[in-house]
Amino acid sequence: MAAPAVIETIDLTKVYPGGVTAVDGMNLTVAQGEIFGLLGPNGAGKTTTASMLTTASSRRPAGRSWAASTSSASRPSPSS
């Protein structure tokens, strides 16, 4: 039996004002007990992805994400 997913994204996308795409359609599953790292050059969207997964992002992204048992769809909309 496969370990349950503790992080999952489906078509996760972040486009900043002005049309700059930081994350484009990311699909990712990290199972319980796995060690996972985000690697890439400056500007690749690593920090943006981490912010979206930890709900630190100031605007709700497109797509869906789960980190532990928190869904991006269940968070309240930001006031700004």
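Please read these numbers as outputs of a predicted model, since none were measured by experiment. (Residues numbered from 1 in each chain as written. Predicted model: local features only at pLDDT ≥ 70, side-chain atom pairs only at ≥ 80, totals over all residues. Heavy atoms only, no water.)

Colleague: Help me out: how do you make sense of the confidence of the model for the protein chain in this one?
Modeller: The pLDDT averaged across the protein chain works out to 80; a share of 78% of its residues lies at or above 70. Across the protein chain, the secondary-structure element scoring lowest on mean pLDDT is strand 4 (residues 70-71), at 61, and the one scoring highest is strand 2 (residues 20-31), at 92. Across residues 74-80, confidence stays below pLDDT 50; counting only partners more than four residues off in sequence or on other chains, it has 11 contacts. (pLDDT = per-residue confidence, 0-100. Helix = DSSP H or I, 4+ residues; strand = E, 2+ residues; numbered from the N terminus. Contact = heavy atoms within 4.5 Å.)

Colleague: Sorry if this is basic, but what is going on with the environment of Gly43 here?
Modeller: As for its placement among the helices and strands, Gly43 is situated in the loop between strand 2 and helix 1 (46-53). When the C-alpha atoms of Gly43 and Val23 are compared, they prove to be 9.8 Å apart, with 20 residues separating the residues in sequence.

Colleague: What is the right way to look at the pairing of strand 1 (residues 5-16) in this model?
Modeller: A regular strand places its side chains on the two faces of the sheet in alternate fashion. Pairing between strand 1 and strand 2: 8 bridges, direction antiparallel. Note that in strand 2 the partner of Ile7 across the bridge is Val30. Hairpin connection between strand 1 and strand 2: a loop of 3 residues separates the two successive antiparallel strands, and Gly18 in this loop has a positive phi of roughly 95 degrees. In this structure, strand 1 lies alongside strand 3 (residues 62-67), joined through 5 bridges in antiparallel fashion. If you follow Ile7 over to strand 3, its bridge partner there is Ala67. (Pairing = 2+ DSSP bridges.)

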